[in-house]
Amino acid sequence: MITAKKKVLILVVEDEKILVNTLEEKLLAEGFEVLKAYNGIDGFTLALSEHPNLILLDLLMPKMDGMSMLKELRKDDWGKNVPVIILTNLTAGDEERNRDITKLEPSYYFMKTEKSLEEIIEKIKEILNIKN
């Protein structure tokens, strides 16, 4: 269990800067520390160097898409266990992609249009077993 007093590092890997800024603002208000990357290559590099407690990951990004980043991350000893919440505009109905994601656990799939920031924060707390 992580208590609210211990700093928790969240890596946001997303190319939509407005969304990154909104997520960062909300995460900081909740007491999290935030790292940001705007493409999969930078996200992968930051993840391996900083070892965040959790990663919020978009699938459609420049330089390296989120699925490729997640596959590479899962090859690393540390990276195979870090929880990842996939935030995307793609529909969850793509069976092939869903099969790929379930092989890359622990990961969670959220549609950006279907989840509020509050729901994302609650999921982060649930995944990391954070008690306020």
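Below is a summary of the structure that appears in this document. Since we're looking at a predicted model, the values are computed, not measured.

Cut-off values and rules
Residues numbered from 1 in each chain as written. Predicted model: local features only at pLDDT ≥ 70, side-chain atom pairs only at ≥ 80, totals over all residues. Heavy atoms only, no water. Buried < 20%, exposed > 50% of the residue type's maximum accessible area, 1.4 Å probe, protein only. Helix = DSSP H or I, 4+ residues; strand = E, 2+ residues; numbered from the N terminus. Salt bridge = Lys/Arg side-chain N within 4 Å of Asp/Glu carboxyl O. Pairing = 2+ DSSP bridges.

**Here's the deal with unusual backbone geometry**
For residues other than glycine, phi is negative in most cases, and the peptide bonds are mostly trans.
Thinking step 1. Unlike most non-glycine residues, Lys63 shows phi in positive territory, near 70 degrees.
Thinking step 2. By relative accessible area, which is 67% here, Lys63 ends up exposed.
Thinking step 3. Positive phi values are uncommon outside glycine, yet Asn129 reaches one of about 55 degrees.
Thinking step 4. For Asn129, the location among the structural elements is in the loop between helix 5 (117-127) and strand 7 (130-131).
Thinking step 5. Judged by relative accessible area, Asn129 falls into the partly exposed class, the value being 33%.

**Here we look at the pattern of salt bridges**
Thinking step 1. Considering all chains together, one arrives at seven salt bridges under this definition.
Thinking step 2. Note that Asp77 is salt-bridged to Lys80, the shortest N-O span being 3.5 Å.
Thinking step 3. Taking the relative accessible area as the measure of exposure, Lys80 reaches 41% and is therefore partly exposed.
Thinking step 4. Lys123 is the partner of Glu126 in a salt bridge, and the nearest nitrogen-oxygen pair spans 3.3 Å. Residue Glu126 and its partner Lys123 are located together in helix 5, separated by three residues, close to a single helical turn.
Thinking step 5. One salt-bridge network, in which partners are shared between bridges, spans Lys26, Glu30, Glu118 and Lys125.

**Considering the pairing of strand 3 (residues 33-37)**
Thinking step 1. Bridging between strand 2 (residues 9-13) and strand 3 involves five bridges; their strand directions are parallel. Looking across to strand 3, one finds that Ile10 is bridged to Val34.

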